[in-house]
Amino acid sequence: MKKILHAIRSNSLFLRVVSVAVAGVILITLLVSLISIYSLQNAYLQTFSNSNHVVTEHIKSTMDRFYVETTNVMQTVKRSWAFKRYLRMQDMTTVDASYTIYSMRKHLDSALGMRLESDVNVLVVGVNGRTYVSGESTLTHTTDEILQSDFTKRIAGSSSPVIDFFAEGYTSVSKGKNVYMMGQAITHDGDDTPSGYVYVIIPEETMMDFYTSYTSDSGEMLLMQHDGTILSSSHSAEIGTVDEKLLHAVDGTESAELEYRGKKVAVTSSYAESMECYVVNLIDREQALRNTNLLHDIFFVSCVVSFLLIVVMFLMINHSVKPIYRLIHRMSENESGKIDLTSKIEIAGGYETRELARVYNVMLDDIDHYIDQLVTEQSNRRKAEIHALQMQINPHFIYNTLTSIKWLIWQGESEKSIQTIDAFSLILRNTISNQKEMITVKEEAENLRNYIFLLNTRFSDRIHTDIFVAEHCENCCIPKLLVQPFVENAFYHAFHGVESGLIHVFFRKKGENLVVEIIDNGSGMPADASQKKSDSFSGIGIHNVNDRIHLIYGEAYGISIESNLGLGTSITITIPAVENHMPE
Amino acid sequence: MHIKKMLAVLTASLMLAGSLTACGSSESSGSDSAANTDSNTITIWAWDDNFNVKAANLAKEYYQKTNPDVEVNVVSMAQADIVQTLNTALSSGTYNGLPNIVLIEDYRIQNYLSAYPGEIKDLSGSVKAEDFMDYKLGVMTEDDKIYGVPFDSGVAALFYRTDYIEEAGYSAEDMQDLTWDEYIEIGKAVKEKTGKSMLTLDPSDLGQIRMMMQSAGAWYVQEDGKTVNIAENEVLKEAVKTYQSMMESGISTQISGWDPFVSAFQKGDVASVPTGCWIAPTITAATDQSGKWAVAPLPKLSNVDESLNTSNIGGASWYVLDKVGNSDLAEQFLAETFASNVDLMNDLASEINLVSTLKASSTAENYSKPSEFFGGQEIFNDFSQWTTEIPTVNYGLYTYTIEDIMTEAVQSVLQGADIDETFANTQVQAEAAVLN
């Protein structure tokens, strides 16, 4: 888990860029898809609705033509002299009857036409009980029943054809089937009462033929009478029922969108005035849309396109971002504190990464340079410090030495005073005029002797000093006035309350080091020995010497003091032994 | 680096999954609007619910006993519809909605065989000529190949009301082997004594005349089936003259169409029905008249020596439409039923009074059964016997076409036109119609 978190954090730049890009692509794809789907759906539904309307109009005109044909048939019957005779004449000779019937049939056949003949049944019933049935159908009701029926009465009262829906017709072709019947009274000039009635019986199948080829799973069609009775429908149980809701949707009194058999449908229709029925189209929008596979196609395309885009983006971003990560990785290698200033980062990648790498490298160079500068400065400062440390001569010492010389001269010890002045001038030369920081052991020993001479002059001879220099280290370098403070210190502090004392100074080599020992047999050094005496030579105390050594040679070298109260003190100075090959 | 790789894989698989589901579901919904040809369904078209359609349904029952997984649809349509639909479909080459098996009247089959070669299936493999009556095979055989399964005998007979005839003063013997002139005499008596017409006549249907022609082995065309034979056709002239005297004698009721024809005898308004034996079930449908009917041989033409007391009217056979698919299954259906099954024929005899043209059916039990309706007469024996005597006639291709013109001619003659003149005109008209 931690690993994952770490991985996420360490790649956060990449992740952020990628997530933004991916989110962008997905968002755009979604938006575009939604907008396309929405507008396409609307456009499609609009077109679908329009084409459906064209269809209903077409069906309506087919029905109108049908009406014209059937009324034509009825007209033919009305006009036919043969029918007139058939319906009115009571007694005819057989030959007459034969000819009449023959002509009747001929007239009707020519008006009916083969197509219409198979679609409908024509029935003529005379008030005299004579009947004519087209095709091979037989009557299913007696002529009396037919003549007395409500429908016939309605026909009798109307001059134009009457059309209505019935659960059953009058002939065998419509037995047990729903029919749409047209009827007209046959009246001949000069008569008030009809001599008969002509019926055109349209079985439901014929009604269905008008629209059935246009029905689809997204657009159901049906025929509805002007009063809402369903005349024909693929759902046969509904035929004959009155659907008020649908009627209102169709005639415009209510919204054209309603729920029909559990589905939301949009209703378009055309009204076939002649047949007094509506051609109704119920558009199941959802089904229509489903049939177009619009959603699926768009979804599929979107997925594929986004997928490709994301892959491409991923690769590209990865490629661009890689150098940055390499940079980071390299930089973090340098974190641990040990900056390897010589290991430069390779300059690669895009312009930005190259700039970063280049500047980083330049920075490394600069750091390197500054450090060098720093080092140089520090060493210079050190030199200056040392120099400063070494350059002091305490003015009191000069006064006191001059005073002692004056005392000697005053005492007439001219020999001694000359020696003292010599020693003093030698010392002065060595410290002030000689700018060199390092001198040879030999020279230092010489200095020491002069200094001791001075001290002996000022104070008594009771402290005797010996200086031993091992042969092999005569030419070793040693910082100026390194030993002097210890000797001075021993002189001033080591012999309180003691008659005489002995100080030995040894210069020798020990391995690679030069060791200087200052040993006295004095009273030892108390822990808090004050370092500075008012007229010490240089003002440089023991501690200063240690600092100097550290400055020059490092911490590995220095001073060690061993002191026993009452027995003496031994001071050991350890510095590296370096031969002085420089000319004096 | 790992996190990136993980991300890549995750995103990739998500996208792929998404696109595949979309792809899959869109495909699945687009696929099926395949054709409806079911390999185990056959459709049969026939007309006349009381006769042919019933026969088909019974055959279906028989067939499904041994072939239960085959679906058989029997569709009842008016003959005119069947003819029209077949013509339209076959001439345009569209087979959608056509049946596998169709009943075609014998008068018409020649038309189909010659106008649409290859459409009617050759059933020589399932139909053996010696199994069937000769006159029936004539219409469906070409180059020794049999193209259909013969069905019903249209043998014509004289159905009559024994009670009306008795009332008119005649007996059953008097009704045997009549000539048409004798028939007309009896009719006059019936009219006088009972007030009932002897028969119905439909001016648009010259069935009577066809029966008379075939009883003497004549037809509208010569034996070659093509040459129009009207002007010189003495038999035809004699038939029309007989028809005219029937009309003028006042023994007929003029009707138009099937319904009045049926209701006439069903209501007891006519004393006789001279027509094909296939009218029997329609007559027996009027159960209240049981025992009042009998069947006699058809009257023959008085002045024509060749005329016999037997003829044919109508009759149809079963044919397979070869290109509608499942034609082998259809052939098998017919082979197992109408082409061979005597038990089926036996059942059909009692159910619909079928007189089968399958020779073996005369051995069937019911064929020897006396009919209660017809006063105990063994009508099937009679029908079978008369069928064997039917003169064979080549109906040719133009029966109905010529008859349309003939109907006109007959009316002219009835109105008083000279028969020879009229027929000469008709000959010309017919020849012209036939040439087209």
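Now for a quick tour of the structure.

Check the secondary structure of chain B and you find 16 helices and 12 strands. Counting across all 436 residues of chain B, residues that qualify as buried make up 57%. Counting only contacts in chain B whose residues sit at least 6 apart along the sequence, the fraction spanning at least 24 positions is 75%. Summed over its atoms, the accessible surface of chain B is roughly 17,600 Å², and 47% of this surface lies on carbon and sulfur atoms.

Helix and strand content of chain A: 16 helices and 17 strands. Out of the 584 residues in chain A, the part that is buried amounts to 45%. The contacts of chain A with a sequence gap of at least 6 include a subset with a gap of at least 24, amounting to 65%. Accessible area of chain A: about 30,300 Å², with a carbon and sulfur share of 57%.

Attention now goes to the pairing of strand β7 (residues 156-161) of chain B. Residues and elements named next belong to chain B. A large share of β7 lies buried, amounting to 6 of its 6 residues. Residues A156, L158 and Y160 point to one face of β7 and A157, F159 and R161 to the other, with burial holding for every one of them. In this sheet, strand β10 (residues 272-276) lies alongside β7 in antiparallel orientation, the contact comprising 5 bridges. Across the sheet, the residue bridging to L158 is P274, located in β10.

On the surface, A:L27, A:I28, A:L31, A:V32 and A:I35 cluster together into a nonpolar patch covering about 500 Å² of accessible area. You can see A:L31 is positioned in helix α2 (residues 12-79).

This part is about helix α14 (residues 379-388) of chain B. All names here are of chain B. All of the buried residues in α14 are I379, F380, F383, S384, W386 and T387. Each buried residue of α14 sits inside an arc of 165 degrees when the element is viewed along its axis, so together they form one side. Elements that come into contact with the buried residues of α14 comprise α5 (134-138), β7, β11 (293-297) and α13 (342-352).

Residue and element names in this part refer to chain B. With mixed pairing, the 5 strands of this open sheet are ordered in space as β2-β1-β3-β12-β6. Edge positions in the sheet fall to β2 (71-76) and β6 (149-150), since each has one partner strand and no second. Sheet topology places strand β3 (residues 101-105) next to strand β12 (residues 316-320); 5 bridges connect them, and they run antiparallel. Across the sheet, residue V102 finds its bridge partner in β12, namely Y319.

It is worth spelling out the sheet that holds β11(B) at this point. Residues and elements named next belong to chain B. Spatial ordering of the open sheet is given by β10-β7-β11, a layout of 3 strands whose pairing is antiparallel. Because the sheet does not close on itself, it has two edges, and the strands there are β10 and β11. Each strand of the sheet is rotated relative to its neighbour by a mean of 25 degrees, with strand direction disregarded. Along the sheet, α14 contacts β7 and β11; its crossing angle with β11, the most-contacted strand, is approximately 20 degrees.

Size it by volume and the second largest pocket reaches roughly 850 Å³. Around the second largest pocket, the lining comprises 33 residues; the ones closest to its centre are B:T253, B:Q254, B:I255, B:P260 and B:D269. When residues of the lining of the second largest pocket are traced back to their parent elements, those giving at least two are α4 (94-119) of chain A together with β9 (252-254) and α10 (258-266) of chain B. With 4 residues, α10(B) is the largest single contributor of residues to the lining of the second largest pocket. Taken together, the residues that form the lining of the second largest pocket break down as 9 nonpolar, 17 polar and 7 charged.

Before going further, it helps to spend a moment on the pattern of salt bridges. Tallying each qualifying case throughout the model produces 24 salt bridges over all chains. A salt bridge links A:K177 to A:E205, with the nearest nitrogen and oxygen atoms 3.5 Å apart. Of this pair, A:K177 sits in the loop between β3 (162-166) and β4 (179-186) while A:E205 sits in helix α7 (residues 204-211); the two residues are 28 residues apart in sequence, bridging distant segments of the chain. Here A:K177 falls in the partly exposed class, since its relative accessible area comes to 31%. In this structure A:E205 comes out as partly exposed when scored by relative accessible area, which is 39%. Here B:R210 makes a salt bridge to B:D205, at a shortest N to O gap of 3.1 Å. Connected through salt bridges with shared partners, the residues B:D106, B:K136 and B:D152 form a single ionic network.

Moving on to the side chain of A:S33. The topology assignment puts A:S33 in helix α2. Discounting chain neighbours no more than four positions away, the residues touching A:S33 are A:I298 and A:S302.

What follows is about helix α3 (residues 81-88) of chain A. All names here are of chain A. Among the residues of α3, A82, F83, Y86 and L87 are the ones counted as buried. Projected down its long axis, α3 carries its buried residues within an arc of 125 degrees, all on one side. Measuring from the side-chain oxygen of the N-cap residue of α3 to the backbone nitrogen of A82 gives 3.2 Å; that N-cap residue is S80.

We now examine the nonpolar core. Ranked by internal contacts, the top residues of the largest apolar core, which has 150 residues, are B:F159, B:M198, B:W318, B:F338, B:F383, B:I402 and B:M406. Not counting chain neighbours up to four residues away, the residues in contact with B:M198 comprise B:I165, B:M175, B:Y183, B:I186, B:G187, B:V190, B:I251, B:V270, B:A271 and B:S272. Grouped together as the second largest cluster of nonpolar side chains are 42 residues, A:I405, A:I427, A:I463 and A:I549 included.

To continue, consider unusual backbone geometry. Residue and element names in this part refer to chain B. Unusually for a residue other than glycine, D144 sits at a positive phi of about 65 degrees. By secondary structure assignment, the location of D144 is in the loop between β4 (141-142) and β5 (145-146). Residue D144 is classed as exposed on the basis of its relative accessible area, which comes to 75%. In this model, N326 sits at a positive phi of 55 degrees, which is unusual for a non-glycine residue. Overall, the relative accessible area of 25% leaves N326 in the partly exposed class.

Bringing the packing of helix α9 (residues 234-248) of chain B against helix α15 (residues 399-415) of chain B into the picture now. Two packed helices can be described by the angle between their axes and the distance between those axes. Residues and elements named next belong to chain B. One can describe the packing of α9 onto α15 by two numbers: an axis separation of 10 Å at closest approach and a directional angle of 55 degrees. Considered as vectors, α9 and α15 are oriented oblique to each other. Of the two elements, α9 crosses α15, and the hand of that crossing is right-handed. For the pair formed by α9 and α15, the contact residues are L236, V240, Y243, Q244 and M247 on the first element and M406, V410, V413 and L414 on the second. Residues belonging to the contact of α9 with α15 are distributed by class as follows: 8 nonpolar, 1 polar and no charged.

On to the packing of aromatic side chains, then. Residues and elements named next belong to chain B. Applying the stated criterion across every chain yields a total of 33 aromatic pairs over all chains. Judged by centre distance (4.7 Å) and plane angle (20 degrees), the ring pair of W318 and F338 falls under stacked. With W318 in strand β12 and F338 in the loop between α12 (327-336) and α13, the pair connects residues that are 20 residues apart, well separated along the chain. The rings of F159, Y367, F373, F374, F380, F383 and W386 are connected pair by pair, giving a single aromatic cluster. If you follow R161 out to its NZ or CZ, it ends over the ring of Y164, 4.3 Å from the centre.

Another aspect to go through is the pairing of strand β9 (residues 263-272) of chain A. Residues and elements named next belong to chain A. Within β9, 7 of the 10 residues are buried, which leaves the element mostly enclosed by the surrounding structure. The antiparallel hairpin formed by strand β8 (residues 257-260) and β9 contains 2 residues in its connecting segment, where R261 sits at a positive phi of about 55 degrees. A loop of 4 residues connects β9 with strand β10 (residues 277-283), the two strands running antiparallel in sequence, and E276 in this loop sits at a positive phi of about 55 degrees.

Residue and element names in this part refer to chain A. Among the secondary structure elements, H504 is positioned in strand β14 (residues 501-510). With 66 residues separating them in the primary sequence, H504 and S570 have C-alpha atoms 9.4 Å apart. In this view, H504 contacts D466, F468, E517, I518 and I519; residues no more than four positions away in its chain are not counted.

Parameters and conventions
- Residues numbered from 1 in each chain as written.
- Chains lettered and ligands numbered in written order.
- Predicted model: local features only at pLDDT ≥ 70, side-chain atom pairs only at ≥ 80, totals over all residues.
- Heavy atoms only, no water.
- Helix = DSSP H or I, 4+ residues; strand = E, 2+ residues; numbered from the N terminus.
- Buried < 20%, exposed > 50% of the residue type's maximum accessible area, 1.4 Å probe, protein only.
- Contact = heavy atoms within 4.5 Å.
- Areas by Shrake-Rupley, 256 points an atom, 1.4 Å probe, with all protein chains shown as cover.
- Pairing = 2+ DSSP bridges.
- Patch = residues over 30% accessible without salt bridge, like charges linked within 9 Å, V, L, I, M, F, W, Y side chains within 5 Å.
- Salt bridge = Lys/Arg side-chain N within 4 Å of Asp/Glu carboxyl O.
- Arc of directions from axis to C-beta.
- Axes fitted to C-alpha atoms, helices over the stretch in contact; angles between N-to-C directions.
- 1 Å grid on protein atoms, 1.4 Å probe; cavity = no way out; pocket = protein on both sides within 12 Å on 5 of 7 lines; lining within 4 Å.
- Points joined across faces, edges and corners; volume = space filled by probe spheres on them.
- Nonpolar A, V, L, I, M, F, W, Y, C, P; charged D, E, K, R; others polar.
- Polar contact = N/O pair within 3.5 Å; in protein donor to acceptor, adjacent residues only side chain to side chain.
- Core = buried A, V, L, I, M, F, W, Y, C linked by side-chain atoms within 4.5 Å.
- Parallel < 35°, antiparallel > 145°, perpendicular 65-115°, else oblique.
- Left-handed = near helix turned anticlockwise from the far one by under 90°.
- Phe/Tyr/Trp six-rings, centres within 6.5 Å; stacked < 30°, edge-to-face > 60°.
- Lys NZ or Arg CZ within 6 Å of the ring centre and 35° of its normal.

Remember that the coordinates give geometry; whether it matters functionally is a separate question.
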